[in-house]
Amino acid sequence: MGALTNQRFLILAVLAVVIAVLPFVFPSSYYFRVASLVWVSALAAIGLNILMGQAGQVSLGHAAFFGIGAYAVAIGPAHLGIPPWAALLIGAALSAVLAYLVGRPILRLKGHYLAIATLGLGVLVALVISTESGWTGGPDGMPVERLILFGWRVSGSYTWYWVTGALLLVGTWIALNLDETPTGRAFRALHDSEVAAQVVGVDVARFKLQAFVIAAVYASIAGSALAFMNGFINPDQAGFLHSVELVTIVVLGGLGSIVGSIVGAAVLVTLPQALTIFHEYEHLMLGLIIIVSMIFMRNGIVPSVSGLFLRRARS
Amino acid sequence: MQTKATLKTLLAASVVGFGLSQAALAQETIKIGSVLSVTGPSSFLGEPEDKTLRIYVDKINATGGVNGKKIELVIYDDGGDANKARTFATRLIEDDEVIAMVGGTTTGSTMAMIPVFEDAKVPFISLAGAIEVIDPVRKFVFKTPHTDKMACEKIFEDLKKRNLTKIGLISGTDGFGASMRAQCVKVAPNYGMQIVADENYGPRDSDMTAQLTKIKNTAGVQAVVNPGFGQGPAIVTRNYAQLGMNSIPFYQSHGVASKSFIDLAGAAAEGVRLPAAALLVGDKLPESDPQKKVVTEYKQTYESATKQPVSTFGGHAYDGLFILVEAMKRANSTDSEKIRDEIEKTKGFVGTGGIVNMSATDHLGLDLSAFRMLEIKGGDWNLVASGS
C-alpha cells in the first residue's frame, strides 16, 4: 500500500515538474499552444480511460460530452448572460445529467451493442449542435467569450498553458486516487469479469453508471477549456472523428494507465505537427506509426515500455 | 516501482518536446503562409487552392520574385479541422514568422484562425465563402470569394427582371446551405421578394420529392431557389424534373458551379439558372470582357500543370495570392502592416472572381457584376444575356 501511495505521489510530482520545466525549453508561444492542446486532450482521455481502461466499458461517442462542455461556455455567456466560469460548471453538470440519464439504459448493453449505442449518442449530440444554428451558429461554429476569473481575463498561449496544465494535474490526481478507492477497485473488478464482480457483491449497474458520469464530466471540462482557449468553437469538436481520436489516445497510450493517456495525447497531438515535413506523405506516416506501435506495443505505449524495463530489471 | 514511474513520465516529457524544431529562416526570401484543407471533407476546395498557390509561387520565383526577393511558401494541411487550423496559424506566426497569409479553406477554419492574425497584426486573405469573415470588418482580414449574400442578390435581381416575386426556398442544412438560406431570407425584402415556402433537406438525403411536392402545392410560387452544395442540389434538380415542375423557373447557387453538377443532374438540369464566376464560362465571354484574359490564362496554366479541370475555388487562391503580391510591390516592403495598408487600397484588380475594389469598409471589394447569371442549355453553361 505504501509503495502504491509513493508511486502515485511520484507520478504527480514528475508531471508537475514536467509542466513547470517545459516553458524553459520552449522557443515560442506556438509550443505553448501545442502543449496546452496536449494537456486538454490528456484530460479528456484520462476521463475516458476511467470508463474504458478501469471499468472496461467502451464509448464511441465521448466527443458529445466534450462538445456539450465547449458549447456550454459558448452559449451560456452569449445567449443567456451566464458568467463564463459558471457556464463551465453548468456544462459539466449537464454532461453528468445526460450521461446519467442515457447511461442507465445503454450501459446494460455489452460489447458491440454498447459501442453502437454510445456512437448513436455522439452522432445525435453533434447533429443537434450543427442543426440548432440559432443557438450554436450551425456548422460554421460560434465565437466564445473570454474567461474572466475574479476580474482576471484569461487569454494568451502562456496563460492557457498554465491553466490547462493545472487542470490536468488536478484531473490526474483525482484519477490516480480514484484507482485506489473501493470505487476504483469495483471498476477493476467489472473490467476483469462482470459476473465475478456481481457474485462478490459489486452493484454492477451503479458502478458502470458512475464511471460513465465521471468520464463525461472530464470530457466536458476539457471541452470548456478548449473553447475558452480558442475563443471559437465548431461542431467538429463534438463529432465522431473526435470521439475516435479520444479512443485512439486511450488505446495508444495504454488502457488503464493514467500516464498512458497523457503520453497518448502527447503523441497524437504532436505527431501531426512534427510530420508536416513529409508534406503529402504526412497521413501515410501518421498511419504507419500508429499501426507499428499497435503491432509492437499491444498493451499501449506506457504499459509495454514499462513492462519491458521491468523484465530487464528482473533478468 | 519508483524507477518504473519515473521512466513513464520521462517518456511523456520527451514525446512532448520532440521533433518540433524548424530550420532557421533564410534572409533573402519573403515568407508567405497558408493553412488549407488539402485533405478531409473539404479537400475538393483545398486541393485546387493548394495546387494554384504552388504553381504560381514557382512562376513568380522563376521570373525573379517580388521586389527582388523570392517567395517562400509555407503550406499546412488542416484536414478540415478548425482546431488544427488554429494551431497551424499559431505556428505560421510564431515559428515560421510569415509576413502574410493566404488561406483558410472553410469558414469554420477561417473564423478559428482570425484571432491569431488579428493579434499578431499580420494580413490574412481568406478563401472562405461566408460573409461573417469580412462583416464586421476586421483590420487584418480580407477575403476573395463572393459571399452567399451576393449570390442571393444576383438571383433576386434576375427574378425581378422576370417580374417574379413569390419564391419557394429549398435549402441544404449543411454550413453552406444554412448560411445562404439565412442571407436570402435577409435580403429578400430589399428586392420585393416574398418567401412563400421554406423547406430544407439533410446534406446526405437521397430523395427530396416530399419537400418539393409541398412547394409545388403552395399557392402562388413563381420560382424556386435551392441554396445548397455537393450532391444534394443535383438530387433536388432531378426530383424537380420528375415532379414535372419545369414550368416554374428554378435557380441553383454558385455552390454547384462545377461540371459534375451537370453530369449528376443530367437532362433535368436543362433550363436551370445559377449565378457563377466568369471563370466557368471563360471561353464564352466576349473579347471585350475585362476578365477574359485573366480567366483564360489561369485556366490554361492550371489545366496544363495539373491535367485536371479548373475550378472556381483554385481561382480564389489565385486572386488572393496576386492581391497580396501587388500590395507587396506597391508597399515595396516586407512590413506586415504596410502590406495590410496596401491590400486595403487594392483598386481595379482584375481577378478570376471579378474586379476587386477594396476600401476601409469593404475587405472583399466585389460587386454583383462579379457574378454572371448562367443557364444550363445542351449540357453546358450559357451566359444569360442581360435583360432577358
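These numbers come from a predicted model, not from an experiment.

Each value, and the rule that gives it
- Residues numbered from 1 in each chain as written.
- Chains lettered and ligands numbered in written order.
- Predicted model: local features only at pLDDT ≥ 70, side-chain atom pairs only at ≥ 80, totals over all residues.
- UniProt positions renumbered as here; feature names shortened; annotations may be inferred.
- Helix = DSSP H or I, 4+ residues; strand = E, 2+ residues; numbered from the N terminus.
- Domains from an automatic or database assignment.
- Contact = placed C-beta atoms within 7 Å.
- Core = buried A, V, L, I, M, F, W, Y, C linked by C-beta atoms within 7 Å.
- Buried ≥ 20, exposed ≤ 12 C-beta atoms within 10 Å, placed from the backbone.
- Axes fitted to C-alpha atoms, helices over the stretch in contact; angles between N-to-C directions.
- Parallel < 35°, antiparallel > 145°, perpendicular 65-115°, else oblique.
- Nonpolar A, V, L, I, M, F, W, Y, C, P; charged D, E, K, R; others polar.

### A look at the UniProt feature "domain: Leucine-binding protein" (unreviewed entry) in chain B
On the UniProt side, "domain: Leucine-binding protein" (unreviewed entry) is annotated at positions that read residues 29–365 of chain B here. Overall, residues 29–365 of chain B shows 43% helix and 17% strand. The separation of its end C-alpha atoms is 29 Å.

### Quick notes on the domain arrangement of chain B
Residue and element names in this part refer to chain B. In terms of domains, chain B is made up of domain 1 (29–146 + 295–368) and domain 2 (148–282 + 371–383). Distance from the C-alpha centre of domain 1 to the C-alpha centre of domain 2: 29 Å. With 17 residues of domain 1 at the contact, the number on the domain 2 side is 21 residues. Elements with a contribution of two residues or more to the side of domain 1 that touches domain 2: α10 (292–306) and α11 (312–331). Top contributing element to the side of domain 1 that touches domain 2 by residue count: α10, with 3 residues.

### A word on the nonpolar core
A general feature of soluble globular proteins is that nonpolar side chains tend to end up buried together. Among the nonpolar cores identified, the biggest contains 206 residues, and A:Leu43, A:Ala44, A:Ala215, A:Tyr218, A:Ala222, B:Phe117 and B:Leu324 are the most heavily contacted of them. Ranked by residue count, the leading element in this core is helix α2 (residues 29–54) of chain A, at 18 residues. If you count residues domain by domain, this core takes at least three from each of domain 1 (29–146 + 295–368) and domain 2 (148–282 + 371–383) of chain B. Leave out the neighbours within four places in its chain, and B:Leu324 touches B:Ala100, B:Val102, B:Ile125 and B:Ile343.

### Considerations on the environment of B:Gln242
Residue and element names in this part refer to chain B. Within the secondary structure layout, Gln242 lies in helix α8 (residues 232–242). The exposure class assigned to Gln242 is exposed, which follows from the 12 C-beta atoms found within 10 Å. C-alpha of Gln242 to C-alpha of Gly351: the two residues are 109 residues apart in sequence and 39 Å apart in space.

### Focus: the packing of α2(A) against helix α10 (residues 204–230) of chain A
Helix packing geometry: the angle between the two helix axes and the distance between the axes. Residues and elements named next belong to chain A. Packing of α2 against α10 brings their axes to within 8 Å, and their N-to-C directions diverge by 170 degrees. Taken together, the axes of α2 and α10 are roughly antiparallel relative to one another. In this structure, α2 contributes Ser36, Val40, Leu43, Ala44, Ile46, Gly47, Leu48, Ile50, Leu51 and Gln54 to the contact, and α10 contributes Ala211, Phe212, Ile214, Ala215, Val217, Tyr218, Ala219, Ile221, Ala222, Ala225, Leu226 and Met229. The residue makeup of the contact of α2 with α10, split by class, is 19 nonpolar, 3 polar and no charged.

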